[in-house]
Each structure stands twice: as C-alpha cells, then as structure tokens.
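# Structure at a glance
Listed below, chain by chain, are the residues.
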Amino acid sequence: MLKKFKYCPICGSSLFDISSEKSRKCGKCGFEYFVNPSSANVAFILNKDGDLLVERRKNDPAKGTLDLPGGFADINETVEQGLVREVMEETGLEVTEVRYMFSKPNTYHYSGVDIPTLDLFFSCKVKDDSKVKANDDAAECMWIPLKEIKTELFGLNSVRNGLIDFIKKRNELL
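Below you will find a few notes about this structure. Everything numeric in this text was worked out from a predicted model, so none of it was measured. (Residues numbered from 1 in each chain as written. Predicted model: local features only at pLDDT ≥ 70, side-chain atom pairs only at ≥ 80, totals over all residues. Heavy atoms only, no water.)

## Digging into helix H1 (residues 79–91)
An ideal rise of 1.5 Å per residue puts 18 Å on 13 residues; H1 measures up with 18 Å between its terminal C-alpha atoms. All of the buried residues along H1 are Val79, Gly82, Leu83, Arg85, Glu86, Val87, Glu90 and Thr91. At its buried positions, H1 is contacted by strand S4 (38–45), strand S5 (51–57), strand S7 (70–72), strand S8 (95–110), strand S9 (113–126) and strand S10 (138–145). Downstream of H1 by a residue or two, Gly92 has a phi angle that is positive, lying close to 80°. (Helix = DSSP H or I, 4+ residues; strand = E, 2+ residues; numbered from the N terminus. Expected span 1.5 Å × (residues − 1). Buried < 20%, exposed > 50% of the residue type's maximum accessible area, 1.4 Å probe, protein only. Contact = heavy atoms within 4.5 Å.)

## Section: the nonpolar core
Within the largest apolar cluster, 19 residues are counted, with the highest numbers of intra-cluster contacts made by Phe44, Leu52, Val54, Leu68, Ile149, Phe154 and Leu163. Elements that contribute at least two residues to this core include exactly S4, S5, S8, S10 and helix H2 (157–173). The dominant element in this core, judged by the number of residues it contributes, is H2, at four residues. Among residues more than four places away in sequence, those in contact with Leu52 are Phe44, Ile45, Leu46, Leu68, Met142, Trp143, Ile144, Leu146, Ile149, Leu163 and Phe166. Counting residues in each nonpolar core, the second largest holds 14 residues, with Ala43, Leu53, Leu83 and Leu120 among its members. (Core = buried A, V, L, I, M, F, W, Y, C linked by side-chain atoms within 4.5 Å.)

## Let's talk about the environment of Phe44
With respect to the helices and strands, Phe44 occurs in strand S4. According to the relative accessible area criterion, Phe44 is buried, its value standing at 1%. In this structure the C-alpha to C-alpha distance between Phe44 and Ser158, which are 114 residues apart in sequence, comes to 13 Å.

## Concerning the environment of Pro9
Counting through the fold element by element, Pro9 comes out in the segment before strand S1 (16–20). Separated by 17 residues in sequence, Pro9 and Cys26 have C-alpha atoms that sit 9.1 Å apart. If sequence neighbours within four positions are ignored, Pro9 has contacts with Phe16 and Phe31.

## Quick look at the pattern of salt bridges
When the charged atoms of two side chains with opposite charge come close together, those side chains can pair. Tallied over the entire structure, the rule returns eight salt bridges. In the salt-bridge network here, residues are joined through shared partners; they are Asp74, Glu77, Arg85, Glu86 and Glu89. (Salt bridge = Lys/Arg side-chain N within 4 Å of Asp/Glu carboxyl O.)

## Quick notes on the side chain of Glu90
Within the fold, Glu90 resides in helix H1. Buried charged residue Glu90 carries no salt bridge. Nearest counter-charge: Arg57, at 6.8 Å. For Glu90, the residues in contact, after removing those within four places along its chain, are Glu55, Leu68, Pro69, Gly70, Lys133, Ala134, Asn135, Asp136, Asp137, Ala138 and Cys141. (Lys, Arg positive; Asp, Glu negative; His and termini not counted.)

Read these as spatial facts, not as claims about activity.
The structure is reproduced here in structure tokens:
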C-alpha cells in the first residue's frame, strides 16, 4: 500500500520515502505516515433454530459471494456501535447484545488498493430475527443451518477463516 503514496500529504514533497515496512517519511517536512489496519467488524447472528444469518454481497470486492453482516467502524464510533449500525443497515435487524469473540488480520482489496484491516468477530443477539431484509451492501439475506455452511462460498478470506473457527468452537461446546 505504501507504494501508492508518492507525495507527502502535508507539504506535497516528492521526498516521501519508505521509512519502514509500515511507514513513509517526508525528507522535507519530517511528517511520517504509518499504515495501520482499519477496524472492521463481523457479526455471527443465530436464530432460535441455530441457523446463521448469511448475506450475499451486492458490491465488490467479492460481489455475489456469501458474507456475514458487518463492515467498517466510522470515525468517532466504537467497533460495537459500528457493528450495530452495519447490521441495521444491511439486514434491518436491531442488535440487542454484542459479545466479542476473536480477531483476524485481513487485507481488503478496494479501488485498486490493498487495505490492511483488523477484523473483529462478535456473537450478536437481535430483537426480532423474523424482520430480516436485505439492504445496503447485502443483495440477499438468508438463514443457513451451521451444518450446511460451505465456507468456500464466502468471498472474503478473514470471514471464511473466522467462520471455520466459529463452527469449530460451536461444535466443541455441543
């Protein structure tokens, strides 16, 4: 990602050289830009039958593949607030409980740039799972029994790997 930045965003100098594996530093004004992961969130939502809420992606990257509700946290928003907002935007469901589970580093390819992300996975409960409706980035929403989940149909690596961990943990508890 650092290779895409040619000029210092502070002074405009072309003396904006790679300083480390995660930063560029301006040789003119001294500004150093660090590439740190953006915070993204993913929701595991089970209905009363134990089926998992799954979406079909409406947009690239991975348009048409399966996904879980979630997205990026906005500025001045906690990850939990971002997750509640994203679930509402994508599914119309009101999240009533959010419980952190684990995280996965990821690379999100968008607009020709690989954006490093840190994807945080949460178990969520919702007010009324019968009111699910695909909106925003979701082309379709569906409930799939965990036994029928095919992780290879999920387009984003971290979601696929997170699902594998989630299903494994659920099976260990049963």
